[in-house]
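Overview (structure and organization)
The primary structure of each chain is shown beneath.
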Amino acid sequence: MLTTATLSVSTGALPVVGFQSKKYTNYRHFTVLASEFPSFLPKEVENINDPCARTLASRIERLPVHVNFSKSCIMSSCVKPKTSFKTNPVVLLHGFDSSCLEWRYMFPLLEEAGLETWAVDILGWGFSDLEKVPSFDVASKREHLYQFWNSYIKRPMTLVGPSLGAAVAIDFVVNYPEAVDKLVFIDASVYAEGTGNLAKLPKAVAYAGVYVLKSVPLRLYATSLAFNSIPFSTCLNWTNIGRLHCLLPWWEDATVDFMISGGYNVSGDVEHVKQKTLIIWGQNDQIIDSKLGVRLHCELPNAIIRQIPDCGHIPHVEKPAAVLKLIVEFVQAESRVDEQSFVLS
């Protein structure tokens, strides 16, 4: 019997999304005054001219999360839904060294589609208050996410992990399977063996490397690789949005701590993920080979895979309408099955 996985391996191709959308979607423009931004955001947020980024930034707030590895609670940054629903929520993670602003275009679309949506900053990145946090290793990130879920979400979720966020999601779901109903992985980075040799660097060298990581030239280059032929002005704007969290005073300490801790190594956990999973992949991803998407599809027990044409490593920024269609169909199809099962029982 031929399956999608078999066809993908034999042809070297992924199923392409049968949905066309403009490369850049026209969104309603909102005027967000500087005074409307949370006071804990870096002042440079006022220089961002992307209306969607400004709007989402104005909604970021910090919620207290109690964890076992810290004596004081962590004021944790997130974007909360405007409305709660009885259906399971969609919880958005982000990629390596990023923030919830990664979802600036998708978040309002998911809300307009009627989904209860959260965007949560992974411990060590984003805009949480990390001044007194002692650890940012994988175990700490996992417990922080669990305690956030246990305190505020409290029911099974559709957990969305782009890039390294997929590794965060896998590590989380194999430890707390009761917290996750379904998974969505976007250009997943799950086969890297942690931070590799970076974990062996002397701290002084690690701090020097992290300083470079924050620099505009390096971030600009990484942004140009992540997307499929975007104009320079867009690249610069998205670079400034992507590095905004790096301007917080504890970012360097948190990033170095994560690097020397060894990072994520979840390749052996993939086969233990039982939840239904949607894998989304940008056809022109220059950062992670699409063959790894096919491998992930083959190794996950219960997954489907879809490809977005003319798209790079971060489809939810580059092609938000296409990603929206896939996620909504995936979530709603499962909801219809659940409702039918409920009626029949």
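Along each chain, residues carry numbers from 1 onward, in the same order as the chain's sequence is written. At least 70 in pLDDT is required for a residue's local features to be given in this predicted model, at least 80 for side-chain atom pairs to be given and counted, and no such filter applies to totals for whole chains, interfaces and linings, which use all residues. The basis for the side-chain values is all heavy atoms of the structure; hydrogens and waters are excluded.

- By the naming in an unreviewed UniProt entry, the chain is Alpha/beta-hydrolase superfamily protein, taken from Forsythia ovata.

Section: the overall build of the chain
- Strands are runs of DSSP state E lasting at least 2 residues, helices are runs of H or I lasting at least 4, and numbering of each runs from the N terminus. Tallying secondary structure elements over the chain gives twelve helices and eight strands in all.
- Any residue under 20% of the maximum accessible area for its type is buried, any over 50% is exposed, and the rest in between are partly exposed; the area is computed with a 1.4 Å probe on protein chains only. Considering the chain as a whole, with its 345 residues, one finds that 54% of them fall into the buried category.
- Sequence separation of 24 or more characterises 75% of the internal contacts of the chain that already satisfy a separation of 6 or more.
- Computed by Shrake-Rupley with a 1.4 Å probe, the accessible areas treat only the displayed protein chains as cover when residues are assessed. Accessible surface, the chain as shown: approximately 15400 Å² in total, 54% of it carbon and sulfur. Any two residues whose heavy atoms approach within 4.5 Å are treated as being in contact.

Overview of the pattern of salt bridges
- The rule for a salt bridge is simple: a side-chain nitrogen of Lys or Arg has to be within 4 Å of a carboxyl oxygen of Asp or Glu. Under the defined criterion, the tally for this structure stands at nine salt bridges.
- In this structure, the salt-bridge partner of Arg-155 is Glu-116, at a minimum N-O distance of 2.3 Å. Of the two residues, Arg-155 is situated in the loop between helix 4 (138-153) and strand 5 (157-162) and Glu-116 in the loop between helix 3 (106-112) and strand 4 (117-120); the sequence distance between them amounts to 39 residues.
- Close ionic contact of Lys-214 with Glu-252 constitutes a salt bridge, the shortest N to O distance being 3.3 Å. Residue Lys-214 is found in helix 6 (residues 203-214), and its partner Glu-252 is found in helix 9 (residues 251-261); the two are separated by 38 residues along the sequence.

Considerations on the sheet that holds strand 3 (residues 90-92)
- The strand order across the open sheet formed by eight strands is 1-2-4-3-5-6-7-8, and the pairing between neighbours is mixed. The open sheet has two edge strands, strand 1 (61-65) and strand 8 (303-308), and neither has a second partner. This sheet shows a mean twist of 25 degrees between the axes of neighbouring strands, independent of strand direction.
- The sheet contact formed by strand 7 (residues 276-282) and strand 8 spans six bridges and is parallel. Across the sheet, residue Trp-281 finds its bridge partner in strand 8, namely Gln-307.
- Here an angle of 0 to 180 degrees is reported between the N-to-C directions of two axes, which are lines fitted to C-alpha atoms, with helices fitted over the stretch in contact. Contacts from helix 4 reach strand 1, strand 2 (74-79), strand 3, strand 4 and strand 5, with the element oriented near 100 degrees to strand 1. When DSSP finds two or more bridges between two strands, those strands count as paired.

With respect to the pairing of strand 4
- Of the two faces of strand 4, the one lined by Thr-117 and Ala-119 and the one lined by Trp-118 and Val-120 are each fully buried.
- Pairing of strand 2 with strand 4, which is carried by two bridges, proceeds in the antiparallel orientation. Counted as the bridge partner of Cys-78 is Val-120 from strand 4.

Topic: the side chain of Ser-77
- On the secondary structure map, Ser-77 appears in strand 2.
- Take Ser-77: its relative accessible area is 0%, and that puts it in the buried class.
- One polar contact links Ser-77 to Asp-121, side chain to side chain, over a distance of 2.5 Å.
- Contacts of Ser-77, omitting those with residues within four sequence positions, involve Ile-60, Glu-61, Arg-62, Val-120, Asp-121, Gly-126, Phe-127 and Ser-128. Polar contacts here mean pairs of N or O atoms no more than 3.5 Å apart (in protein, one a potential hydrogen donor and the other a potential acceptor; neighbouring residues in sequence count only if both atoms are side-chain atoms).

Quick look at the packing of aromatic side chains
- Note on ring pairs: Phe, Tyr and Trp rings are taken, using the six-membered ring of Trp, and paired if centres are within 6.5 Å. Classes follow the plane angle, with under 30 degrees stacked, over 60 edge-to-face and the rest tilted. Taken as a whole and assessed by the stated rule, the structure comprises eleven aromatic pairs.
- Each ring, one from Trp-118 and one from Phe-148, has its centre 5.9 Å from the other, and the planes form 90 degrees; the classification is edge-to-face. Of the two residues, Trp-118 sits in strand 4 while Phe-148 sits in helix 4, which places them 30 residues apart along the sequence.
- The exposure class of Phe-148 is buried, given its relative accessible area of 1%.
- Centroid distance Trp-125 to Phe-258: 5.2 Å. Interplanar angle 75 degrees. Geometry classified as edge-to-face. Of the two residues, Trp-125 is situated in the loop between strand 4 and helix 4 and Phe-258 in helix 9; the sequence distance between them amounts to 133 residues.
- For Trp-125, a relative accessible area of 1% corresponds to the buried category.
- Within the aromatic cluster, the residues linked to one another by ring pairs are Phe-96, Trp-125, Phe-258 and Tyr-264.
- Only when the NZ of Lys or the CZ of Arg is both within 6 Å of the ring centre and within 35 degrees of the ring normal is a charge said to sit over the ring. For the cation-ring pair, Lys-141 lies above Trp-125, with the distance from its terminal atom to the ring centre recorded as 3.9 Å.
- Between the NZ or CZ atom of Arg-295 and the centre of the ring of Tyr-191, over which it lies, the distance is 3.8 Å.

Observations concerning the nonpolar core
- Ranked by internal contacts, the top residues of the largest apolar core, which has 109 residues, are Met-157, Leu-159, Phe-172, Phe-185, Val-190, Ile-280 and Leu-296.
- Ignoring any residue separated from it by four or fewer positions in sequence, one finds Leu-296 in contact with Phe-185, Ala-188, Val-190, Tyr-191, Val-270 and Ile-279. We call a set of buried Ala, Val, Leu, Ile, Met, Phe, Trp, Tyr and Cys residues a nonpolar core when their side-chain atoms join them within 4.5 Å.

Comments concerning the packing of helix 7 (residues 216-226) against helix 8 (residues 232-242)
- Axis separation between helix 7 and helix 8 bottoms out at 9 Å; the angle between their running directions is 115 degrees. At the point where helix 7 passes helix 8, the crossing takes the right-handed sense. Of the residues in helix 8, those in contact with Val-216, Arg-219, Leu-220, Thr-223 and Ser-224 of helix 7 are Phe-232, Cys-235, Leu-236, Trp-238, Thr-239 and Gly-242.
- Amino acid classes used here: Ala, Val, Leu, Ile, Met, Phe, Trp, Tyr, Cys and Pro are nonpolar; Asp, Glu, Lys and Arg are charged; the rest, including Gly, are polar. The residue makeup of the contact of helix 7 with helix 8, split by class, is six nonpolar, four polar and one charged. Should the near helix be turned counterclockwise from the far one by less than a right angle, the crossing is left-handed, whereas a clockwise turn marks it as right-handed.

Focus: helix 6
- How far a helix is expected to stretch is found by multiplying one less than its residue total by 1.5 Å. Counted at 1.5 Å a residue, the expected span for helix 6 with its twelve residues is 16 Å, and the 17 Å between its end C-alpha atoms agrees.
- For helix 6, every residue scored as buried is listed here: Ala-206, Val-210 and Lys-214. Each buried residue of helix 6 sits inside an arc of 80 degrees when the element is viewed along its axis, so together they form one side. The exposed residues of helix 6 that point more than 90 degrees off its buried face are Ala-204 and Tyr-211.
- On the buried face of helix 6, the contacting elements are helix 7 and helix 9. Arc definition: directions from the helix axis to the C-beta atoms.

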